[in-house]
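Structural overview
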Amino acid sequence: MKKGWIAAGLVATLALTAGVAFAQGHRQGPDFAAMDTDGDGAVTLAEFTAFAQDRAASRAERMFTRVDADGDGMVTLAEIEAARAAHGGRHGKSARD
């Protein structure tokens, strides 16, 4: 029962956040249908978690690709520092900090 309340709270928070963003003219939140993978009109905690993990993985891949300046599939400290410098140094601390 507790998981059901947690899932309901997460969905309600997501819906409220998307509604506020839409009202403020920002990009709308994720498509409910994309989260409701079984099409039953409700999003379970498992569906929500899978959706969030997929989005996080996609974002991480895009970030990695941008930082991997030479495209060799590996990121060096020099590439991380160059990416940070290109963004005004506002993306975290270096290994030396």
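Here the structure is a predicted model, which is why all the values come from computation and not from measurement. (Residues numbered from 1 in each chain as written. Predicted model: local features only at pLDDT ≥ 70, side-chain atom pairs only at ≥ 80, totals over all residues. Heavy atoms only, no water.)

What about the overall build of the chain?
- In terms of helices and strands, the chain carries four helices and zero strands.
- Sequence-ordered secondary structure for the chain, helices as α and strands as β, is α-α-α-α.
- Within the span of the chain, comprising 97 residues, buried residues form 14% of the whole.
- Intrachain contacts of the chain at a sequence separation of at least 6 include 17% that bridge at least 24 residues.
- As displayed, the chain offers around 7,400 Å² of accessible surface, 61% of which is attributable to carbon and sulfur atoms. (Helix = DSSP H or I, 4+ residues; strand = E, 2+ residues; numbered from the N terminus. Buried < 20%, exposed > 50% of the residue type's maximum accessible area, 1.4 Å probe, protein only. Contact = heavy atoms within 4.5 Å. Areas by Shrake-Rupley, 256 points an atom, 1.4 Å probe, with all protein chains shown as cover.)

Section: helix H3 (residues 45–67)
- Between its first and last C-alpha, H3 extends 33 Å over 23 residues, near the 33 Å set by a 1.5 Å rise per residue.
- Among the residues of H3, those classed as buried are Glu47, Phe48 and Phe51. (Expected span 1.5 Å × (residues − 1).)

Concerning a positive patch on the surface
- A surface patch of like charges, here positive, comprises Arg55, Arg59, Arg62 and Arg66.
- You can see Arg55 is positioned in helix H3. (Patch = residues over 30% accessible without salt bridge, like charges linked within 9 Å, V, L, I, M, F, W, Y side chains within 5 Å. Salt bridge = Lys/Arg side-chain N within 4 Å of Asp/Glu carboxyl O. Lys, Arg positive; Asp, Glu negative; His and termini not counted. Charge placed at Lys NZ, Arg CZ, Asp CG, Glu CD.)

Quick look at helix H4 (residues 77–86)
- Taken as a whole, H4 has its buried residues at Glu79, Ala83 and Arg84. Within H4, the buried residues cover an arc of 135° as seen down the axis, which keeps them to one side. Opposite the packed face of H4, turned more than 90 degrees from it, sit the exposed residues Ala78 and Ala85.
- Looking at the buried side of H4, the elements it contacts are H3.
- Within two residues after H4, Gly88 carries a phi angle of roughly 75°, on the positive side. (Arc of directions from axis to C-beta.)

A look at the confidence of the model for the chain
- Across the chain, pLDDT averages 79, with 61% of residues at or above 70.
- When pLDDT is averaged over each element of the chain, H3 comes out on top at 96 and helix H1 (residues 2–23) at the bottom at 55.
- Note that pLDDT drops below 50 for residues 20–24; the model gives that stretch three contacts with residues more than four away or on any other chain. (pLDDT = per-residue confidence, 0-100.)

Here we look at the side chain of Glu47
- Tracing the backbone shows Glu47 in helix H3.
- Within the structure, Glu47 has its side chain in polar contact with the backbone nitrogen of Asp38 (distance 3.2 Å).
- In this structure, Glu47 is in contact with Met35, Asp36, Thr37, Asp38 and Ala42, ignoring residues within four places of it in sequence. (Polar contact = N/O pair within 3.5 Å; in protein donor to acceptor, adjacent residues only side chain to side chain.)

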